[in-house]
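So you can see what is in the structure, the chains are spelled out below.
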Amino acid sequence: MARRPFFAANWKMFKTIGEAVAWGRTFRELTRDVADRDLVAAAPYTALASLAAEVKGSNVGVAAQDVYFEKEGAFTGAVSALMIKDAGAAYAIVGHSERRRIFGDTDASVNRKTHVAIANGIIPIVCIGETLEEREANQTFDVLDRQIKAGLDGITGEQVAALVIAYEPVWAIGTGRNATPQQAGDAHAHIRSRIRQWFGGDAADAVRILYGGSVKPDNVAELRAQPDVDGALVGGASLDPASFFAIASRG
Ligand code: PEP
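What counts, and at which threshold
Residues numbered from 1 in each chain as written. Predicted model: local features only at pLDDT ≥ 70, side-chain atom pairs only at ≥ 80, totals over all residues. Heavy atoms only, no water. Helix = DSSP H or I, 4+ residues; strand = E, 2+ residues; numbered from the N terminus. Rg over C-alpha atoms; globule rule 2.2 N^0.38 Å. Buried < 20%, exposed > 50% of the residue type's maximum accessible area, 1.4 Å probe, protein only. Expected span 1.5 Å × (residues − 1). Pairing = 2+ DSSP bridges. Axes fitted to C-alpha atoms, helices over the stretch in contact; angles between N-to-C directions. Phe/Tyr/Trp six-rings, centres within 6.5 Å; stacked < 30°, edge-to-face > 60°. Lys NZ or Arg CZ within 6 Å of the ring centre and 35° of its normal.

A word on the overall build of the protein chain. Across its full length, the protein chain holds twelve helices and eight strands. The C-alpha radius of gyration computed for the protein chain amounts to 17 Å, which stays within 12% of the reference 18 Å derived for 251 residues, consistent with globular compactness. Taken along its principal axes, the extent of the C-alpha atoms in the protein chain is 45 × 45 × 35 Å. Within the protein chain, the proportion of its 251 residues that are buried is 52%.

In this model, helix α7 (residues 140–151) (twelve residues) spans 16 Å end to end at C-alpha, consistent with the 16 Å of a helix rising 1.5 Å per residue. The set of residues buried in α7 consists of Thr 140, Val 143, Leu 144, Asp 145, Gln 147, Ile 148 and Gly 151.

Taken together, the eight strands give a closed barrel; going around it, the order is β1-β2-β3-β4-β5-β6-β7-β8, and neighbouring strands pair in parallel fashion. For this sheet, the mean inter-axis angle between neighbouring strands, taken without regard to orientation, is 25°. Of the strand pairs in this sheet, strand β4 (residues 91–94) and strand β5 (residues 123–128) are connected by four bridges, and their pairing is parallel. From the neighbouring strand, Val 94 faces β5, where its bridge partner is Val 126.

Given two aromatic rings, one states the distance between the centres and the angle between the planes to describe the pair. A complete count under the given rule lists eight aromatic pairs for this structure. Note on Tyr 68 and Phe 75: the rings are 5.4 Å apart at their centroids and 50° apart in plane angle, and the pair reads as tilted. Residue classification places Phe 75 among the partly exposed positions, given a relative accessible area of 31%. Ring pairs connect the aromatic residues Trp 11, Trp 23, Phe 27 and Phe 244, which therefore count as one cluster. It is Lys 15 that lies over the ring of Trp 11; its NZ or CZ is 5.4 Å from the centre. It is Arg 99 that lies over the ring of Phe 103; its NZ or CZ is 3.9 Å from the centre.

Here you go:
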């Protein structure tokens, strides 16, 4: 069974509410006739509700860029799964390398966030990927194995089938230096084979694995030509709706 392509925009810490709504209006117009792929925009928390209202009834979904794993309580600055769902998000990015590197996310917290997202009906987009140092030390597959095993610990095969994995080599994020199609293809094939081994054939056949790292309109097609690359998670080139549309329609 063919997997439905999936393209997610990660705006990071960009866009006011007004800018987010303007993006949503333009993008929903551009994608009015696109029905064969999932399109998602990950907005800052402050813009989630307004963006969700703007794209309601369209083929565009809304994601949070993170989610905290506790239900509620004295966790100043944190936002729960129930809160992002209430704001209109259907997805949450979990374990982005910037969250791991700057904010201290670990495989263990990624696992808790993945569990809490699923428990609240939010589809997690779980990010994994090696640093340049790890790649140069030939540890890429070991790092991916650790991140998959720990990050998805306790998740059932059926749940894995419904979530999204983003392979994002850290050295390719925001650097303009993207993985070659071969490097991306090898990593994606490895990830899918581990999902098959640890979560079963149905999960491996169904799970969408996105590539992320300096994806642009002119390199998306060659990355997507790799059989295990089901779409892209796009940072910088997603801030302009026309550029993200070009990526999502060429990929
Ligand atoms: C990202 O933020 O996940 C990302 C891949 O960023 P960029 O496309 O800018 O490299």
